[in-house]
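# Observations on the model geometry
For reference, the chains in residue letters:
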Amino acid sequence: MTGILYGVGVGPGDPELMTLKAVRLIRENEIIALPGSVVRDSVAYQIAVQAVPELAQKTLLPVNMPMVMDREEMKKNHLQAADFLESHLAQGHNVVYLTLGDSTIYSTFLYIQRYIAERGYRTELVNGIPSFCAAAARAGISLAEWNEPLHILPAVHRCQQPFDLPGNYILMKSGSRMGEVRDLLRKSGREIIMVENCGMQGEKICRGTDNIPDHAGYYSLIIAKQPKPGKSC
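In short, a report on the structure.

Helix and strand content of the chain: seven helices and ten strands. Taken over the C-alpha trace, the chain has a radius of gyration of 19 Å; the compact-globule value for 233 residues is 17 Å, and the two agree within 12%. Summarising its shape, the C-alpha atoms of the chain cover approximately 65 × 35 × 35 Å along the three principal directions. Taking all 233 residues of the chain together, 47% fall into the buried category. Long-range pairs, those at least 24 residues apart, make up 67% of the contacts in the chain with a sequence separation of at least 6.

Spelled out as structure tokens, the structure:
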């Protein structure tokens, strides 16, 4: 018998937004993997341990995932992570890998899962509340109404493209290029809200492009809403 690899989303930051299933899987399994070289410094760990204090007594596996843009270097890191986790799965142990937000949205776990599944192991994705859903709730706004399209983009890769499609935009991974994204959004005439560190210490909500800083933290996203008819932004 071999173990199961679970990719578990812990939500955006507020431990009260973790799902019952995420809490149960952490409690029921001994081996918990977390991104980063020091597990207790991982944001996913800091969120989850507040909801599941016994996490601190589990066997914690650090999965180092350096932030690099080189595709070959990324592949090498993902393969190393898969090898590391496979060494535990092959012994019959389940591994619960904790990831921020939802496990299906821009999660590095997805690359590891693919390699593990190709090797014949069972994997399972467990959803968490996405950061943009939590950010919209914190800002007191909707993401989409009636027949509005909703576009989700990694801004760090797409910041040179105009935001000219109908509907609303969510721009993730915006922090390092916030100034560029802000200037492009200013031309779009959209209603802009930036949320930084949603549900975590240092949470900040900025409304309007004039209030968005040149730089923001990694856990920052922008919601750009299409103006309502007759409404000026």
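Having seen it, we continue.
Another aspect to go through is helix α4 (residues 109–118). Buried residues of α4: Phe109, Ile112, Gln113, Tyr115 and Ile116, and no others. Around the axis of α4, the buried residues are gathered within 165° of arc, so they sit on the same side. Next to the buried residues of α4 lie β1 (4–9), β3 (59–63), α3 (71–89), β4 (95–99) and β5 (122–126). Just downstream of α4, Gly120 is the residue with a positive phi angle, here 95°.

As a further point, take the nonpolar core. Ranked by size, the top nonpolar core spans 24 residues in total, and within it Val8, Met18, Ile26, Ile32, Leu34, Leu55 and Leu98 carry the most contacts. Among the secondary structure elements, those contributing two or more residues to this core are β1, α1 (20–28), β2 (31–35), α2 (43–51) and β4. Contact partners of Met18, with chain neighbours within four places excluded, come to Val10, Val23, Ile26, Ile47, Ala48 and Ala51. Core analysis: the second largest hydrophobic core is formed by 17 residues, Val63, Tyr97, Ile112 and Tyr121 among them.

Quick look at the side chain of Gln113 now. Examined against the element boundaries, Gln113 turns out to sit in helix α4. Once residues within four sequence positions are removed from consideration, Gln113 is found in contact with Thr123 and Leu125.

What follows covers the sheet that holds β5. Read across the open sheet, the five strands follow the order β3-β2-β4-β1-β5; overall the sheet is parallel. A single partner strand is all that each edge strand has here, and the edge strands are β3 and β5. Across the sheet, the axes of successive neighbouring strands diverge by a mean angle of 25°, strand direction being ignored. Direction of pairing for β2 relative to β3: parallel, over a ladder of five bridges. Bridge pairing links Leu34 to Pro62 in β3. With respect to the sheet, α3 is in contact with β1, β2, β3 and β4, its orientation differing from that of β3 by roughly 160°.

Another point: the pattern of salt bridges. Applying the stated rule across the entire model yields eleven salt bridges. The salt bridge partner of Glu86 is Arg119, with a shortest N-O separation of 2.6 Å. Linking Glu86 in helix α3 with Arg119 in the loop between α4 and β5, this pair joins segments that are 33 residues apart in sequence. For Arg186, the salt bridge is made with Asp210, and the minimal N-O distance between the two is 3.5 Å. Taken together, the residues span a long stretch of sequence, with Arg186 in helix α7 (residues 178–186) and Asp210 in the loop between β9 (204–207) and β10 (220–225) at a distance of 24 residues. One salt-bridge network, in which partners are shared between bridges, spans Arg182, Asp183, Arg186, Asp210 and Asp214.

Analysis parameters
- Residues numbered from 1 in each chain as written.
- Predicted model: local features only at pLDDT ≥ 70, side-chain atom pairs only at ≥ 80, totals over all residues.
- Heavy atoms only, no water.
- Helix = DSSP H or I, 4+ residues; strand = E, 2+ residues; numbered from the N terminus.
- Rg over C-alpha atoms; globule rule 2.2 N^0.38 Å.
- Buried < 20%, exposed > 50% of the residue type's maximum accessible area, 1.4 Å probe, protein only.
- Contact = heavy atoms within 4.5 Å.
- Arc of directions from axis to C-beta.
- Core = buried A, V, L, I, M, F, W, Y, C linked by side-chain atoms within 4.5 Å.
- Pairing = 2+ DSSP bridges.
- Axes fitted to C-alpha atoms, helices over the stretch in contact; angles between N-to-C directions.
- Salt bridge = Lys/Arg side-chain N within 4 Å of Asp/Glu carboxyl O.

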